[in-house]
Amino acid sequence: MIALFLVAFASNKVEGLALSKGASLMVVVPAVAWFISSPIKYAFGIFPAFWIYEIFRGDGGQWQSLLLMLGGVGVHLLAVYGMLQKFLRRQD
């Protein structure tokens, strides 16, 4: 996903390097939700990595894990679709 993010939004090598530094925040910021126990933590759900952290946390049952996995797959697919569309528009 990070590679697709870079090719979709970076125009040159310098922008790509700067964006790769910022892309690391997409992985680190959802880790903050690990320390929040209230339902407010689901606000971090816009970050695809959040769902992975929540599945690893595993404080629910099988059904909760299944719902988290479905949510994660959905957010990942939306993110990949959006970045792929942006990349394809830039190619034309």
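Scroll up a little and you will see the structure.
Read on for a plain summary of the structure. Please read these numbers as outputs of a predicted model, since none were measured by experiment.

### A short note on the packing of helix α4 (residues 48-57) against helix α5 (residues 62-91)
Across the interface, α4 lies against α5 with an axial gap of 8 Å and an inter-helix angle of 160°. Classified by the angle their axes make, α4 and α5 are roughly antiparallel. Crossing geometry of α4 relative to α5 is assigned as left-handed. Note on element contacts: α5 touches α4 through Leu68, Met69, Gly71, Gly72, Val75, His76 and Ala79, opposite Pro48, Trp51, Ile52, Glu54 and Ile55. Classifying every residue of the contact of α4 with α5 gives eight nonpolar, three polar and one charged.

### Regarding helix α1 (residues 2-9)
Restricting attention to buried positions, one finds in α1 the residues Leu4, Phe5 and Ala8. Along α1, the residues classed as buried sweep out an arc of 105° about the axis, all on the same side. Buried residues along α1 sit against α2 (13-23), α3 (25-28) and α5.

### Comments concerning the pattern of salt bridges
Applying the stated rule across the entire model yields two salt bridges. When the shortest N-O distance is used, the salt bridge between Glu54 and Lys41 registers 3.3 Å. On the criterion of sequence distance, the pair formed by Glu54 in helix α4 and Lys41 in the loop between α3 and α4 is long-range, its members being 13 residues apart. Grouping residues by exposure puts Glu54 and Lys41 together as buried.

Scoring rules and cut-offs
- Once a new chain begins, its residue numbering starts again from 1 and follows that chain's sequence as written.
- Per-residue local features are limited, in this predicted model, to residues with pLDDT of at least 70; the limit for side-chain atom pairs, both in listing and counting, is 80 or more; totals at the level of whole chains, interfaces and linings are taken over all residues.
- Heavy atoms throughout the structure, all of them, feed into the side-chain values; hydrogens and water do not.
- Angles here are taken between N-to-C directions and fall from 0 to 180 degrees, while the axes themselves are lines fitted to C-alpha atoms, restricted in helices to the stretch in contact.
- Going along the chain from the N terminus, every DSSP run of H or I of four or more residues is numbered as a helix, and every run of E of two or more is numbered as a strand.
- For classification purposes, an angle smaller than 35 degrees is called roughly parallel, one larger than 145 roughly antiparallel, one from 65 to 115 roughly perpendicular, and anything else oblique.
- Here a crossing is taken to be left-handed if its near helix is turned anticlockwise relative to the far helix by less than a right angle, and right-handed if that turn runs clockwise.
- Any pair of residues with heavy atoms lying within 4.5 Å of one another is described as a contacting pair.
- Polar here means any residue other than Ala, Val, Leu, Ile, Met, Phe, Trp, Tyr, Cys and Pro, which are nonpolar, and Asp, Glu, Lys and Arg, which are charged; Gly is therefore polar.
- Exposure is judged per residue with a 1.4 Å probe applied to protein chains only, and the accessible area is read against the type maximum: over 50% gives exposed, under 20% gives buried, and values in between give partly exposed.
- When we speak of the arc, we mean the arc of directions from the helix axis to the C-beta atoms.
- Think of a salt bridge as a Lys or Arg side-chain nitrogen and an Asp or Glu carboxyl oxygen that are within 4 Å of each other.

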